[in-house]
Amino acid sequence: ERLMKIGALISAPFIFIFYFYSFDLLDVLFSVNSSAMGAELLTFLSVGVFFLSLLTMANTALEASGMIKTAVISLLLGSAVKIATSYYLMGKPSINIIGAPLGSTVSYFFSLLISLLALEISGIRIHFARRCLFIVLIAATSFVSPYFCIYKQNLLHNSFLSMILALIASMIMYSVILFIWYSVFDRRKLIKDAQNV
């Protein structure tokens, strides 16, 4: 459960980094034409990054518990969902190639649900869903305002430099909010647990 929480803490910011700054990030690595084509796909894949990181942790827990076949079955079923979803979505002219990253995101989510269900059935209880949603909410709060106030306003008159400044501001906000949250509420929870003992 702690590893899942750490995975969520690390991967949640990337949902918004890939969603908001996909074009500029790809522009650093590739040509403008490639960036324009890939940016839209990366925005649709951004949520999938979060599910994939949690899936990796869940499957590692399954493997450590001796349920290696279950982890493989989870991935195989997710792959089948990916093929079916991508085939269906890419066949629609209004969606077209965007169906590929959407299919990946759906398949990661499906595999994650299977892996978590398998852990639950085996007796390993992971109570992290609300906490993960809260971590995503903190990341959203931290990344939305710098994006609109710094990057969209082109504060430094250069999109790349504005992106770097917005990312630094977002990460500082994210760290500070998490620090305040965990120092106040986790400490309160520890005191409550100690009193119950």
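This is a predicted model, so every value here is computed, not measured. (Residues numbered from 1 in each chain as written. Predicted model: local features only at pLDDT ≥ 70, side-chain atom pairs only at ≥ 80, totals over all residues. Heavy atoms only, no water.)

1. Here we look at the packing of aromatic side chains
For step 1, the next point in the chain: One pass over the full model with this rule turns up 13 aromatic pairs.
For step 2, the next point in the chain: Ring geometry for F14 versus F18: centroids 5.7 Å apart, planes at 45°, classification tilted. A residue pair is termed a helical-turn pair when its members lie 3 or 4 positions apart in one helix, as F14 and F18 do in helix α1 (residues 2-20) at four residues.
For step 3, the next point in the chain: By relative accessible area, F18 is classed as partly exposed at 21%.
For step 4, the next point in the chain: Arranged with centres 5.7 Å apart and planes meeting at 75°, the rings of Y21 and Y147 form a pair that is edge-to-face. Taken together, the residues span a long stretch of sequence, with Y21 in the loop between α1 and α2 (22-29) and Y147 in helix α6 (residues 129-151) at a distance of 126 residues. For the pair Y21 and Y147, one class covers both residues: buried.
For step 5, the next point in the chain: Among the aromatic side chains, those forming a connected cluster through ring pairs are F16, Y19, F20, Y21, F143, Y147, F148 and Y151. (Phe/Tyr/Trp six-rings, centres within 6.5 Å; stacked < 30°, edge-to-face > 60°. Helix = DSSP H or I, 4+ residues; strand = E, 2+ residues; numbered from the N terminus. Buried < 20%, exposed > 50% of the residue type's maximum accessible area, 1.4 Å probe, protein only.)

2. Brief notes about unusual backbone geometry
For step 1, the next point in the chain: Positive phi values are uncommon outside glycine, yet N96 reaches one of about 55°.
For step 2, the next point in the chain: Within the secondary structure, N96 sits in the loop between α4 (68-90) and α5 (99-121).
For step 3, the next point in the chain: Despite not being glycine, N154 has its phi angle at roughly 50°, a positive value.
For step 4, the next point in the chain: Examined against the element boundaries, N154 turns out to sit in the loop between α6 and α7 (159-196).
For step 5, the next point in the chain: N154 gets classed as partly exposed once you look at its relative accessible area, which sits at 30%.

3. Some thoughts on the packing of α1 against helix α3 (residues 32-64)
For step 1, the next point in the chain: The N-to-C vectors of α1 and α3 enclose an angle of 170°; their axes lie 8 Å apart at closest approach. The angle between α1 and α3 falls in the class roughly antiparallel. Of the residues in α3, those in contact with L3, M4, G7, A8, S11, A12, F14, I15, F18 and Y19 of α1 are L42, T43, S46, V47, V49, F50, S53, L54, M57 and A58.
For step 2, the next point in the chain: Here the contact of α1 with α3 is composed, by residue class, of 15 nonpolar, five polar and no charged. (Axes fitted to C-alpha atoms, helices over the stretch in contact; angles between N-to-C directions. Parallel < 35°, antiparallel > 145°, perpendicular 65-115°, else oblique. Contact = heavy atoms within 4.5 Å. Nonpolar A, V, L, I, M, F, W, Y, C, P; charged D, E, K, R; others polar.)

4. Side note on the side chain of T43
For step 1, the next point in the chain: In this structure, T43 sits in helix α3.
For step 2, the next point in the chain: Using a relative accessible area of 18% as the deciding quantity, one classes T43 as buried.
For step 3, the next point in the chain: Not counting the four nearest positions on each side in its chain, T43 is found in contact with F18, Y19 and S22.

5. Quick word on the nonpolar core
For step 1, the next point in the chain: Within the largest apolar cluster, 37 residues are counted, with the highest numbers of intra-cluster contacts made by Y21, F50 and L116.
For step 2, the next point in the chain: Secondary-structure elements contributing two or more residues to this core are α1, α3, α5, α6 and α7.
For step 3, the next point in the chain: It is α6 that provides the largest number of residues to this core, a total of nine residues.
For step 4, the next point in the chain: Contact partners of L116, with chain neighbours within four places excluded, come to M4, A58, I126 and F128. (Core = buried A, V, L, I, M, F, W, Y, C linked by side-chain atoms within 4.5 Å.)

6. Structural notes on the confidence of the model for the protein
For step 1, the next point in the chain: Mean pLDDT for the protein: 86, with 93% of residues reaching 70 or above.
For step 2, the next point in the chain: Within the protein, no element has a lower average pLDDT than α7, which sits at 81, and none a higher one than α4, at 93. (pLDDT = per-residue confidence, 0-100.)

7. Digging into the environment of L25
For step 1, the next point in the chain: Structurally, L25 can be placed in helix α2.
For step 2, the next point in the chain: With relative accessibility at 24%, the residue L25 sits in the partly exposed group.
For step 3, the next point in the chain: Distance in space between the C-alpha atoms of L25 and F44 is 15 Å, their sequence separation being 19 residues.
For step 4, the next point in the chain: Apart from residues lying up to four places away in sequence, L25 is in contact with I17, F18 and M163.

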